Amino acid sequence: MKLLEERILKDAVIRPGNVLKVDSFLNHQMDVMLFEEMAKEWKRLFAAKHINKILTIEASGIGIAAIAARVFEVPVVFAKKAKSINLDNNNYCTKIQSYTHVNMYDVIVSKKFLTREDHVLILDDFLANGCALMGLLELIEMSGAAVEGIGIAIEKGFQKGGSEIRAKGIQLESLAIIESMNADTGEIVFRKEKEV
Ligand code: 5GP
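Residues numbered from 1 in each chain as written. Predicted model: local features only at pLDDT ≥ 70, side-chain atom pairs only at ≥ 80, totals over all residues. Heavy atoms only, no water.

Asks: Kindly report on the overall build of the protein chain, identifying the contributing residues and their values.
Replies: Helix and strand counts for the protein chain stand at five helices and 10 strands. The C-alpha radius of gyration of the protein chain comes to 16 Å, within 12% of the 16 Å expected for a compact globule of 196 residues. Its C-alpha atoms put the protein chain at 50 × 40 × 35 Å along the principal axes. Residues counted as buried form 47% of the 196 residues belonging to the protein chain. Restricting the contact set of the protein chain to residue pairs at least 6 apart, pairs at least 24 apart contribute 60%. Mean positive and mean negative side-chain charge positions of the protein chain (25 and 27 charges, respectively) differ by 3 Å. (Helix = DSSP H or I, 4+ residues; strand = E, 2+ residues; numbered from the N terminus. Rg over C-alpha atoms; globule rule 2.2 N^0.38 Å. Buried < 20%, exposed > 50% of the residue type's maximum accessible area, 1.4 Å probe, protein only. Contact = heavy atoms within 4.5 Å. Lys, Arg positive; Asp, Glu negative; His and termini not counted. Charge placed at Lys NZ, Arg CZ, Asp CG, Glu CD.)

Here it is as structure tokens:
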């Protein structure tokens, strides 16, 4: 998506550890007008799918997913990061490894808000190694809901998550796919659409 690519080139900062900092428009300050354009693009890309729920993960996914939920006119649920899993049998729970691999964290979704009636679109800000998405897919599988697709704002195409998700046959629509980024020069190269 040209608008998002242009914004990344203008405002993103490359940090050590293959981290792209986008906190001026996505992760801290949020450009909601940009989110709305992103949401419309996902709506177009998933037009053939019957979607009745959006699922994301706290915290950075929530802003994007909430704006998308308005465009899709469906409820949005976010998986909560829990300090300790409450074994009350009311929640679906799994563990996710953080992108930095420094820690594992528990995530939960209430059984009330994800059921076998649901046709889910997963949305998140970044896709890197795919750990967050694998966790969300696991929660959906536990609930018996159907995964209709995954929308990502920024995929780092040089990390393994994207190819692993596509190999599962899931429709994955990343609005910007970074082929390479160089912390020394600041250069960011995007994947061309036909190569996706
Ligand atoms: P994964 O689980 O795919 O390895 O990483 C995805 C999660 O890690 C995202 O939800 C995001 O919070 C975080 N993340 C991964 N890479 C980056 C990055 O380059 N920049 C930022 N800001 N967050 C990232």
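Asks: Which residues make up the nonpolar core, and what values go with them?
Replies: A general trend in soluble globular proteins is that nonpolar side chains are found buried together. If you look at the biggest cluster of nonpolar residues, it comprises 35 residues, and the most contacted ones within it are Leu4, Ile8, Leu20, Met38 and Ile154. Only α1 (2–11), α2 (32–45), α3 (60–72), β7 (119–127), β8 (146–156), β9 (172–181) and β10 (188–190) provide two or more residues apiece to this core. No other element matches the six residues that α3 contributes to this core. The residues contacting Ile154, other than those within four sequence positions of it, are Leu4, Ile8, Leu20, Val22, Leu26, Asp125, Phe126, Leu127, Ala176 and Ile178. Ranked by size, the runner-up nonpolar core spans 24 residues in total, among them Ile96, Leu139, Ile140 and Ile165. (Core = buried A, V, L, I, M, F, W, Y, C linked by side-chain atoms within 4.5 Å.)

Asks: I'd like to hear about a nonpolar patch on the surface, residue by residue, with values.
Replies: A cluster of nonpolar residues, Met30, Val32 and Met33, forms a patch on the protein surface that exposes about 300 Å² of accessible area. Looking at the element boundaries, Val32 is found in helix α2. Judged by relative accessible area, Val32 falls into the partly exposed class, the value being 35%. (Patch = residues over 30% accessible without salt bridge, like charges linked within 9 Å, V, L, I, M, F, W, Y side chains within 5 Å. Areas by Shrake-Rupley, 256 points an atom, 1.4 Å probe, with all protein chains shown as cover. Salt bridge = Lys/Arg side-chain N within 4 Å of Asp/Glu carboxyl O.)

Asks: Outline the pattern of salt bridges, supporting the account with residue identities and numerical values.
Replies: For the structure on display, the rule yields 12 salt bridges. A salt bridge links Glu37 to Lys40, with the shortest nitrogen-to-oxygen separation between them at 3.3 Å. Of the two residues, Glu37 and Lys40 both sit in helix α2, three residues apart, roughly one turn of that helix. The closest approach of N and O atoms between Arg191 and Glu179, which form a salt bridge, is 2.9 Å. Taken together, the residues Arg191 in the segment after β10 and Glu179 in strand β9 connect sequence positions 12 residues apart.

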